[in-house]
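Coordinate analysis (summary)
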Amino acid sequence: MCLAVPGKLVEIEGDDPMFRNGKIDFGGILKEVNLACVPKAKIGDYVLVHVGLAISTVDEEEAHKVFEYLREMEELDELETAGEGA
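Residues numbered from 1 in each chain as written. Predicted model: local features only at pLDDT ≥ 70, side-chain atom pairs only at ≥ 80, totals over all residues. Heavy atoms only, no water.

1. A word on the pairing of strand 1 (residues 5-13)
Consecutive side chains of a regular strand alternate in pointing toward one face of the sheet and then the other. Put simply, the test is: Being paired, for any two strands, means DSSP has found at least two bridges between them. Secondary structure is summarised from DSSP: a helix means a run of H or I of at least four residues, a strand means a run of E of at least two, and numbering begins at the N terminus for each.
Alignment of strand 1 against strand 4 (residues 46-50), held across 4 bridges, turns out to be antiparallel. Bridge pairing links valine 5 to valine 49 in strand 4.

See below:
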């Protein structure tokens, strides 16, 4: 199953909206993602990430709910395993 996972935008690199990247914190696991689809996202915002691309911003409360549901369903194993080399 493919999921979009919420995370907190903690760092932004680049000024060009099509080539901006950001570091996203997924509960302690940091990943670099493309921010082209969320040009107004700023540090501290929560975004939904699907295959390395932030696809939308979400409210913080909703992000925490979704993350907790994924944790309960044990759907975060792949994300945590992938984060070991980061």
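2. Section: the pattern of salt bridges
Heads up, the condition is: Salt bridge, as applied in this entry: a Lys or Arg side-chain nitrogen positioned within 4 Å of an Asp or Glu carboxyl oxygen. Exposure classes here rest on a 1.4 Å probe applied to the protein chains alone. A residue is buried below 20% of its type maximum, exposed above 50%, and partly exposed in between.
Tallied over the entire structure, the rule returns 2 salt bridges. For aspartate 45, the salt bridge goes to lysine 42, with nearest N and O atoms at 3.3 Å. Among the ionic pairs, lysine 65 bridges to glutamate 61, the shortest N-O distance being 3.6 Å. Here glutamate 61 and lysine 65 lie together in helix 1 (residues 60-72), a separation of 4 residues that amounts to about one turn. Given a relative accessible area of 51%, glutamate 61 falls into the exposed group.

3. What about unusual backbone geometry?
One non-glycine residue, valine 51, lies in the positive phi region at around 45°. As for its placement among the helices and strands, valine 51 is situated in the loop between strand 4 and strand 5 (53-58). Its relative accessible area of 74% is what places valine 51 among the exposed residues.

4. A word on the side chain of arginine 20
The line we're drawing: Asp and Glu are treated as the negative residues and Lys and Arg as the positive ones, with His and the ends of the chain left uncounted. Within 3.5 Å is the distance limit for a polar contact, defined as a pair of N or O atoms, with the added protein rule that one can donate a hydrogen and the other accept it, and that residues adjacent in sequence qualify only through two side-chain atoms.
By the element assignment, arginine 20 lies in the loop between strand 1 and strand 2 (21-26). One buried charged side chain, arginine 20, makes no salt bridge at all; its nearest oppositely charged neighbour is aspartate 15, positioned 7.5 Å away. In this structure the side chain of arginine 20 is engaged in a polar contact, spanning 3.1 Å, whose partner is the backbone oxygen of valine 38. At 3.4 Å, the side chain of arginine 20 forms a polar contact with the backbone oxygen of alanine 41.

5. Here's the deal with the layout of surface pockets
Under the convention used in this document: Points on a 1 Å grid, built from protein atoms alone, make a cavity when a 1.4 Å probe fits but cannot get out and make a pocket when they are open with protein on both sides within 12 Å along at least 5 of 7 lines; residues with an atom within 4 Å of a point are the lining residues. Grid points are joined across faces, edges and corners, and a volume is the space filled by probe spheres set on the points. Three categories are distinguished: nonpolar for Ala, Val, Leu, Ile, Met, Phe, Trp, Tyr, Cys and Pro, charged for Asp, Glu, Lys and Arg, and polar for the others, with Gly belonging to the last.
Taken as a whole, the second largest pocket encloses approximately 150 Å³ of empty space. Around the second largest pocket, the lining residues are Pro6, Gly7, Lys8, Asp25, Phe26, Gly27, Tyr46, Ala63, His64 and Phe67. Elements represented by at least two residues in the lining of the second largest pocket include exactly strand 1, strand 2 and helix 1. Here the lining of the second largest pocket is built from residues that sort into 5 nonpolar, 3 polar and 2 charged.

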